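Coordinate inspection notes
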Amino acid sequence: MKFLTRISNTIMEKFLPDPYIFVAILTVLVLFLGVVLTDSSPLDMVVYWGDGFWGLLAFTMQMVIVLAAGHVLANSPVFKKFLTSIASKIKKPSSAIIIVTFVSLIACWINWGFGLVIGALFAKEIARQVKKVDYRLLIASAYSGFVVWHGGLAGSIPLSVATDGHPFADIMGVVSTSDTIFTPYNLFIVLVIGFTLPFFNRWMMPKEEDVVEVDPALLKEEKKTFPPAERTFASWTERSTLLTILIGLIGLSYLIYHFATKGFTLDLNIVNSIFIIFGIILHGTPQRFLAAAQEAIKTTSGIVFQFPFYAGIMGMMTASGLAIVFSEWFIAISNEFTFYLFTFYSAGLVNFFVPSGGGQWAVQAPIMLEAAGTLGADYAKTAMAIAWGDAWTNMIQPFWALPALAIAGLRAKDIMGFCLFVLIYTGIIISIGFLFI
């Protein structure tokens, strides 16, 4: 495995482009495929791209906030001390890889936005404490936990079909999470990945002479200095804890009300609210909170300028019918035994071009549910096959790695050599789950 990962990392280092170049190539490729495989003209595809370009604007802002607010929270004195305390108990590189993977898996199963940020922040803190740990593998391990998100409590597809009046209720009805998230096949996949992936990642540890330790510059933190206080109202409010206490009380009151009335539901907006509210509280004063926010926002440029291109790709895939063409290829070679497996594979392929769980479900559900009805397959399991396909190929799709990479200060090519083997390993487990259970 050490030999294979070394080759994989070398190949990725030489040939994997920057995530922006990757999405630019995908844009051109999808436009070309749309013209060749559908009735769309080049002008049609350009229009579909332009019409869809801002389709993820609200989601882009959510991701900017989850990254920036998570960064602010992690850099608060109390939270940083907490992370440091845990990381300081880890002494060996092997333990670091296992623990950061396990933490990421649990966090992403609870909520993917929470897991993406916390996993990367925890890994970065471990890098400060543990010597001789390969920083690339450490961050790849933190990101690898993301593979289980769609089989967890915040999976967008299982939660969507469990909601009254969802778009496909007339076909499949309202599907309880007991028929999706808590089914034997889904629990098998989650548990096997959960208990074995940490050790698989540890198996990929390079030889000592091949270890790439973290660049100390990535961990260097500039000490914040503030101008001396003045006897003015503006200066007093910037340094006062009173406003922080009042905003904190308002925010905590809302969170208590939310969980009391809606149960333990964690959508992306609530995760962002938690990060912001606790970030404000733990920084103590508005001045310190704003200074941390200004520093954190620097890490979000990749999201701001790349997510619209993925929205444009999604627009082309959807409007041209190209996503349906891909799905029909797999349906054509499926039978009642292999249908769920090939649905999973088709979703994995479509995810490269439509890296949004909700968007992919909207595109693939009509054709896959119709095929399920024809074959007499279970609608709920079909939905979960699409969900797992969407989560699976995220391991080598830079779209979702951007937040972790921004926090870590790495490039996609630094971790994708390891993530490729995570893709292969988890793909085998997921395939077994859908084929035999």
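Conventions we followed
- Every chain is numbered independently, its residues counted from 1 as its sequence is written.
- Thresholds applied to this predicted model are a pLDDT of at least 70 for local features of residues and 80 or more for the giving and counting of side-chain atom pairs; totals over whole chains, interfaces and linings are not thresholded and use all residues.
- With hydrogens and water set aside, each side-chain value is computed from the structure's full complement of heavy atoms.
- Secondary structure elements follow DSSP: runs of H or I of four or more residues count as helices, runs of E of two or more count as strands, with numbering from the N terminus.
- Any helix carries an expected span of 1.5 Å times its number of residues minus one.
- Each residue's exposure class comes from its accessible area (1.4 Å probe, protein chains only) as a fraction of the maximum for that residue type: buried when under 20%, exposed when over 50%, partly exposed otherwise.
- Only heavy atoms enter the contact rule, under which two residues are in contact if any of them lie within 4.5 Å.
- The predictor's confidence in any single residue is recorded as pLDDT, a number from 0 to 100.
- Aromatic rings from Phe, Tyr and Trp, with only the six-membered ring used for Trp, were paired whenever their centres fell within 6.5 Å, and each pair was classed as stacked if the ring planes differed by under 30 degrees, edge-to-face if by over 60, and tilted otherwise.
- For patch building, the residue pool is restricted to those with more than 30% relative accessible area and no salt bridge; the joining distance is 9 Å between like charges and 5 Å between nonpolar side chains (Val, Leu, Ile, Met, Phe, Trp, Tyr).
- Computed by Shrake-Rupley with a 1.4 Å probe, the accessible areas treat only the displayed protein chains as cover when residues are assessed.
- One side-chain nitrogen of Lys or Arg within 4 Å of one carboxyl oxygen of Asp or Glu is enough to make a salt bridge.
- The nonpolar core is taken to be a set of buried Ala, Val, Leu, Ile, Met, Phe, Trp, Tyr and Cys residues, with the residues joined through side-chain atoms within 4.5 Å.

- Going by the annotation in an unreviewed UniProt entry, the name recorded for the protein chain is Short-chain fatty acid transporter, with Ureibacillus endophyticus given as the source organism.

1. Details of helix 15 (residues 268-283)
- Its 16 residues give helix 15 an end-to-end C-alpha distance of 22 Å, which sits within 8% of 22 Å, the value for a rise of 1.5 Å per residue.
- Buried within helix 15 are the following residues: Leu268, Ile270, Val271, Asn272, Phe275, Ile277, Gly279, Ile280 and His283.
- Taken together, the buried residues of helix 15 touch helix 4 (57-74), helix 5 (77-87), helix 7 (112-129), helix 14 (242-262) and helix 16 (286-296).
- Gly284 sits one or two residues past helix 15 and shows a positive phi near 85°.

2. Section: the confidence of the model for the protein chain
- Chain-level pLDDT for the protein chain is 90 on average; 99% of the residues reach the 70-or-more range.
- Within the protein chain, helix 11 (residues 184-203) carries the highest mean pLDDT (97), whereas helix 12 (residues 216-219) carries the lowest (78).

3. Re the packing of aromatic side chains
- Tallied over the full model, the rule gives 33 aromatic pairs.
- Ring centres 6.3 Å apart and planes at 50° place the aromatic pair Trp49 and Phe309 in the tilted group. Of this pair, Trp49 sits in helix 3 (residues 42-52) while Phe309 sits in helix 17 (residues 301-320), and the two are 260 residues apart along the sequence.
- The class for Trp49 is partly exposed, based on a relative accessible area of 26%.
- An angle of 80° between the planes, with centres 5.2 Å apart, marks the rings of Phe53 and Phe309 as edge-to-face. One end of the pair, Phe53, is in the loop between helix 3 and helix 4; the other, Phe309, is in helix 17, and 256 residues separate them in sequence.
- One aromatic cluster is present, built from ring pairs that chain together Phe59, Trp112, Tyr143, Phe146, Trp149, Phe307, Tyr310, Phe399 and Trp400.

4. With respect to a nonpolar patch on the surface
- Together, Phe233, Trp236, Leu242, Leu243, Ile245, Leu246, Ile247, Leu249 and Ile250 make up an exposed nonpolar region whose accessible area comes to about 950 Å².
- Ranked by residue count, the leading element in the nonpolar patch is helix 14, at seven residues.
- Position of Leu243 relative to the elements: it lies in helix 14.
- When its relative accessible area of 45% is taken as the criterion, Leu243 is described as partly exposed.

5. Here we look at unusual backbone geometry
- Phi is positive for Lys132, which is not a glycine, with a value near 65°.
- Relative to the helices and strands, Lys132 is located in the loop between helix 7 and helix 8 (135-144).
- Classification of Lys132 as partly exposed rests on a relative accessible area of 48%.

6. A few points about the side chain of Thr244
- The residue Thr244 is located in helix 14 in this model.
- Once residues within four sequence positions are removed from consideration, Thr244 is found in contact with Ile280, Ile281, Gly284, Thr285 and Pro286.

7. Regarding the nonpolar core
- If you look at the biggest cluster of nonpolar residues, it comprises 129 residues, and the most contacted ones within it are Met63, Trp112, Leu138, Ile193, Trp361 and Trp388.
- Examining the composition of this core, we find that eleven residues originate from one element, helix 23 (residues 412-436), more than from any other.
- Listed in part, the six residues of the second largest apolar core include Ala68, Val72, Phe289 and Ala292.

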